[in-house]
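# Geometric and topological summary
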Amino acid sequence: PCALRGAAVEVPNVTWDDVCGLEDVKCELQEVVQYPVEHPEVFKELGISLSKGVLLYGPPGCGKTLLAKALANGCQANFISVKGPKLLTMWFGEAEATVREIFNKARQIAPCVLFIDELDSIASQRGSSAGGVADRVLNQLLTEIDDTSRWRTVIVIGATSRPDIIDSALRRHGRLDQLIYVPLPNEPGRRKIFNAVLHESSIAPEVDQDLLFKYTNGFSGADITEICQRACKYAILKSVEQDVERERAAADMPDDAVEEDAADPMP
Ligand code: ATP
């Protein structure tokens with residue numbers, strides 16, 4: 001990825017199949033964004049006005065970033081990602097300039113999915129931020145979104161876990177007017193995420209997988225990924241310990257002697 005003051009530009013290799021479950025969300029994104037990008041002439045002919053952006057909302061770690069990347073891949077579009085809070089740490093005037101720069105870049109490399117994570121940090125109700133940085137960034141964002149009307153192949157995807165505090169101006173028709181909920185994974189979804197993350201690991205036969213999928217109710221995809229990584233690390237440590245014990249036994253070294261040595265390194 002190449003740096004663009006606060007944003008990362010890349011061509012994502014995440015596909016729709018990499019997003020486990022969330023079938024309704026995937027369908028909606030394909031209908032609202034991907035088909036119009038792939039077949040603009042059909043939509044133009046029918047006089048259907050296209051959506052410029054989507055607001056994905058829901059609990060953290062449930063695949064919003066993954067979905068935005070899969071969408072870019074599905075549209076054969078570039079992907080620019082920027083985190084809202086990062087813009088707020090910039091100097092006076094720099095944040096607005098960066099927003100302008102990011103949109104200009106997106107237009108240059110269109111078709112482009114422009115993903116703004118943690119949108120609430122810069123797009124909460126105006127007047128609510130100390131010092132007004134967020135207000136200025138939001139005003140710039142609204143201007144840029146309005147200016148992209150000529151550039152239908154720049155698609156803005158905002159992500160937030162707090163849709164209730166997003167300024168209504170941003171949600172107005174012609175801006176991020178499509179609101180899509182990305183929920184916690186259900187049981188079949190959790191099963192798919194476990195299987196995807198553990199696809200190259202063998203699972204111990206004594207593990208009751210059905211129970212695992214059932215009792216992880218309330219876990220996000222990010223939580224499941226974390227659990228699997230911890231389990232893999234634990235399994236590696238255990239197997240290293242077992243190897244050491246086996247070597248020790250093979251060398252026919254009594255455990256007591258080793259412990260005595262370890263306890264008293266300078267006899
Ligand atoms: P945040 O709100 O914290 O930015 P997010 O909703 O954007 O989170 P992602 O960053 O897309 O969530 O997901 C975090 C990680 O969790 C992913 O990299 C992936 O490993 C895993 N994950 C989450 N949901 C899914 C899913 N539906 N299918 C496959 N993996 C998932």
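Preceding block: the structure.
Residues numbered from 1 in each chain as written. Predicted model: local features only at pLDDT ≥ 70, side-chain atom pairs only at ≥ 80, totals over all residues. Heavy atoms only, no water.

Glancing now at the overall build of the chain. On a plain count of helices and strands, the chain comes out with 12 helices and 7 strands. Taking all 267 residues of the chain together, 38% fall into the buried category. A fraction of 80% describes how many contacts in the chain between residues 6 or more apart in sequence connect residues 24 or more apart. About 15,100 Å² of surface is accessible on the chain, with carbon and sulfur atoms providing 54% of the total. (Helix = DSSP H or I, 4+ residues; strand = E, 2+ residues; numbered from the N terminus. Buried < 20%, exposed > 50% of the residue type's maximum accessible area, 1.4 Å probe, protein only. Contact = heavy atoms within 4.5 Å. Areas by Shrake-Rupley, 256 points an atom, 1.4 Å probe, with all protein chains shown as cover.)

Time to look at helix H9 (residues 187-197). Here H9 has its buried residues at Gly189, Arg190, Ile193 and Phe194. Along the axis of H9, the buried positions cluster into a sector of 135 degrees, meaning they face one direction only. Those residues of H9 hidden inside the fold are in contact with helix H10 (209-215) and helix H11 (221-250). By the N-cap criterion, in which a side-chain oxygen at the helix start approaches the backbone nitrogen of a residue two or three places on, H9 is capped by asparagine 186, the distance to glycine 189 being 2.9 Å. (Arc of directions from axis to C-beta. Polar contact = N/O pair within 3.5 Å; in protein donor to acceptor, adjacent residues only side chain to side chain.)

The next thing to look at is the nonpolar core. Counting 29 residues, the largest nonpolar core has Ile80, Leu87, Leu119, Leu141 and Leu170 as the members making the most contacts within it. Within the residue set of this core, elements represented by two or more residues are strand S4 (78-83), helix H5 (94-108), strand S5 (112-117), helix H6 (120-123), helix H7 (133-147), strand S6 (154-160) and helix H8 (168-171). Beyond its immediate stretch of four places on either side in the chain, leucine 87 contacts Val82, Ala95, Thr98, Val99, Ile122 and Val137. Leu29, Leu56, Phe79 and Ala159 belong to the second-largest nonpolar core, a separate cluster that totals 27 residues. (Core = buried A, V, L, I, M, F, W, Y, C linked by side-chain atoms within 4.5 Å.)

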